[in-house]
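# Observations on chain architecture
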Amino acid sequence: MYKGTSPDQFFQTDAEQAKRDRRAAKAGNKNGSPIALKSKLLAAIPYPAESSSILIAESSGSVRRVNVDTGDTKQVFRGPSAPVTCVAVGGPGNKTLFAGSWDKDVWSWDLTSKAPGRKYSGHTDFVKAVVATKIGGKDCLISGGADKKIMVWDLETGSRLHVLQDQAVSMMAIQDLVIDPVQSGSDEVILVSASSDPHIRRWRIKLDGFEQIKEASPDEPGAARHTILEHDTTVYKVIFDSESEEVDLWTSSGDGTAKCLSRLRGFATDDSIHHGDHVRAVAVTDQWIITAGRDEDIKVWDRSSGKLRCTLEGHYDEVTDLITLDGGRRVVSVSIDGTVRTWPLDPTEFDKINKEREDRAKGVQKETPAEPAGGKMTADEEAELAALMEEDEEE
C-alpha cells in the first residue's frame, strides 16, 4: 500500500498511485492541440451551423460549444445541476439543443439565443442517450436511460408517446441510440439501440405504436433471432456508415472491439477491429476507421486492409467520444481528462508520429539545434575586448 502525505493519496494501492503519477506526467503534453476545459467531457456532436465547432456534454451540468480552430469556448448552455451525458440537435428548423442528464430529465434550449425550453421528465434514472427525429410529420425526441427504458416524446406538447422495453430478453441501461437513415420513412422511423448488455435492438416506431423488429438469422436461412448479438458485453456506440454503399452499422463495445455489421447479411459481423480494452467510441471516413476508449489512445485503422495505421497519444484519461470534421480530414476527441484534441487524418502525419515512436523505443534522442554557448567568446574576441578595455583605462 502506498503511503502519501496528501489527503487524496490515503488508502491508495501502489497500482492506483502509479496510475496517478503516470497521468500527471502525461497531462502536460500538447499532442492534438488540446483545449482544456474544467470538467469531464462525456459526449460530443457536430455543431450544425459551423463546421469547425462541436457541442460537448460536460460533467459540470452544461453543454458547451467549442470551436476547435479558434479555441473559443464561451458559449455555454446551463440549467442542470447534475452531469450532462448526451446531446442532440433537432426540432423545427433544427434549432433546438437537447441534453440528457443525471437528474433524469432531458433539457432543451434555443440553439441561437440559449433560451431554456421545455424539460422532458419521465425517466427514473440517468438519461444516457437522446436523438431527435420526425415521425409522421411530427417533431419527436427519443431518449434512453439507465432505467432500461426508451421513451418517445412529442416535442410540441411535451407528452410521452411510447415507452419501449424488450419483453423477451432483459434490456439493461441504454448506452446509445441512432436512427437508420435507409429504412426510416415519412410515417415511421427505425431506431437502433445499444445497451449495457451485448444485445443490439431495432425498433419500428410510428405515432400510433411501435414494435421490436425480429432479425433474420445469418446462420440459418428462414430462421429469426430476437436481437442482433455480435458482441460479448456492453455496446457503447452505434453509428451508420454513410461512406459505404449499403450504409452498414458500426459498433463499439466493452469487449475491446469495433465491428462493422453488414446490412445485407442481417447485421452479422462483416469486419472486426481489435482495439483492446473498452472501446467507447468509433468513427469512420472513406479511408479510416478510428477507435478510442478506456486505454486513452486513439487508434486509426486503414479501412481497406484493416491494419493499424497509427496510434495517437495525448489524452491521459478515458476517451468518451470522436467526431470527424472537414469531410473526414480531421477527427476530434473528447475525454474525461477535460481536454478536446484535434488530429489530422493525414498519412504524412501518421508517418511522422510512427517514426518518432520508433526512435523513442530505440532510445534515439531527438536532435535539437545547438544553442550558442551563453557569454562565451573566441580567443580572438577576448583579446580584442581586452585591448579595448586597456584603451579605455588609458583615456
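Residues numbered from 1 in each chain as written. Predicted model: local features only at pLDDT ≥ 70, side-chain atom pairs only at ≥ 80, totals over all residues. Heavy atoms only, no water.

### Observations concerning the overall build of the protein
Along the protein, the regular secondary structure elements total three helices and 31 strands. Looking at the protein as a whole, 50% of its 395 residues are labelled buried. Considering only intrachain contacts with a sequence separation of at least 6, the fraction spanning at least 24 residues in the protein is 43%. (Helix = DSSP H or I, 4+ residues; strand = E, 2+ residues; numbered from the N terminus. Buried < 20%, exposed > 50% of the residue type's maximum accessible area, 1.4 Å probe, protein only. Contact = heavy atoms within 4.5 Å.)

### Some thoughts on the packing of aromatic side chains
Counted under the stated rule, the structure contains five aromatic pairs. Judged by centre distance (4.5 Å) and plane angle (5 degrees), the ring pair of Trp102 and Phe126 falls under stacked. With Trp102 in the loop between strand S7 (96-101) and strand S8 (105-110) and Phe126 in the loop between strand S9 (120-121) and strand S10 (127-135), the pair connects residues that are 24 residues apart, well separated along the chain. For Trp102, a relative accessible area of 39% translates into the label partly exposed. A relative accessible area of 29% means that Phe126 is categorised as partly exposed. Here the aromatic cluster, defined as three or more aromatic residues joined through ring pairs, consists of Phe98, Tyr120 and Trp153. Between the NZ or CZ atom of Lys119 and the centre of the ring of Trp107, over which it lies, the distance is 4.3 Å. Sitting over the face of the ring of Tyr236, Arg280 holds its NZ or CZ atom 5.1 Å from the ring centroid. (Phe/Tyr/Trp six-rings, centres within 6.5 Å; stacked < 30°, edge-to-face > 60°. Lys NZ or Arg CZ within 6 Å of the ring centre and 35° of its normal.)

### Focus: the environment of Pro344
Within the secondary structure, Pro344 is located in strand S31 (residues 339-344). In this structure Pro344 comes out as partly exposed when scored by relative accessible area, which is 37%. In this structure the C-alpha to C-alpha distance between Pro344 and Gly32, which are 312 residues apart in sequence, comes to 8.5 Å.

### Quick notes on the sheet that holds strand S13 (residues 160-164)
An order of S10-S11-S12-S13 is seen for the four strands of this open sheet, with the pairing classed as antiparallel. Bordering the open sheet on either side are S10 and S13, each of which pairs with just one other strand. Across the sheet, the mean angle from the axis of one strand to that of its neighbour is 20 degrees, orientation sign disregarded. (Pairing = 2+ DSSP bridges. Axes fitted to C-alpha atoms, helices over the stretch in contact; angles between N-to-C directions.)

### Topic: the side chain of Ser62
Here Ser62 shows up in strand S4 (residues 62-67). Within the structure, Ser62 has its side chain in polar contact with the side chain of Glu58 (distance 2.7 Å). In this structure the side chain of Ser62 is engaged in a polar contact, spanning 3.3 Å, whose partner is the side chain of Ser60. (Polar contact = N/O pair within 3.5 Å; in protein donor to acceptor, adjacent residues only side chain to side chain.)

### A word on the pairing of S7
Counting buried positions along S7 gives six out of six residues, so the element sits mostly inside the fold. Alternating positions in S7 separate into two faces, Thr96, Phe98 and Gly100 on one and Leu97, Ala99 and Ser101 on the other, with burial throughout. Summarising the sheet, strand S6 (residues 84-90) and S7 pair through six bridges and their orientation is antiparallel. Note that in S7 the partner of Cys86 across the bridge is Gly100. The hairpin formed by S6 and S7 contains five residues between the paired strands, and Gly91 there has a positive phi angle of roughly 80 degrees. Here S7 pairs with S8 via five bridges, running antiparallel.

### Details of the sheet that holds S31
The antiparallel open sheet is built from four strands, whose spatial order is S1-S31-S30-S29. Each edge of the open sheet carries a strand with a single partner, namely strand S1 (35-36) and strand S29 (319-325). Taken together, the six bridges between S29 and strand S30 (residues 330-335) define a ladder with antiparallel strand orientation. Bridge assignment links Leu325 to a residue of S30, and that residue is Arg330.

### Here's the deal with helix H2 (residues 347-362)
Helix length check: H2, at 16 residues, gives a terminal C-alpha distance of 23 Å against a target of 22 Å (1.5 Å per residue), a fit within 8%. Along H2, the residues classified as buried are Phe350, Ile353, Asn354 and Asp359. (Expected span 1.5 Å × (residues − 1).)

### Here we look at the side chain of Thr320
Mapping Thr320 onto the fold places it in strand S29. Filtering out sequence-adjacent residues up to four positions away, Thr320 remains in contact with Leu41, Leu42, Ala43, Arg280, Ala281, Val334, Ser335 and Ile336.

### Section: the confidence of the model for the protein
When pLDDT is averaged along the protein, the result is 91; 89% of the residues meet or exceed 70. This model gives residues 1-7 a pLDDT under 50, and the stretch forms twelve contacts once residues within four places in sequence are excluded. Ignoring residues within four places in sequence, the model shows residues 371-375, a span with pLDDT below 50, making zero contacts including any to other chains. (pLDDT = per-residue confidence, 0-100.)

### Some details on the pairing of strand S15 (residues 189-195)
Counting buried positions along S15 yields seven of seven residues, so the element is predominantly enclosed. Residues Val189, Leu191, Ser193 and Ser195 of S15 are buried on one face, and the alternating residues Ile190, Val192 and Ala194, pointing to the opposite face, are buried as well. In the sheet, S15 pairs with strand S16 (residues 199-206) via five bridges, with the strands oriented antiparallel. Bridge pairing links Ser193 to Arg201 in S16.

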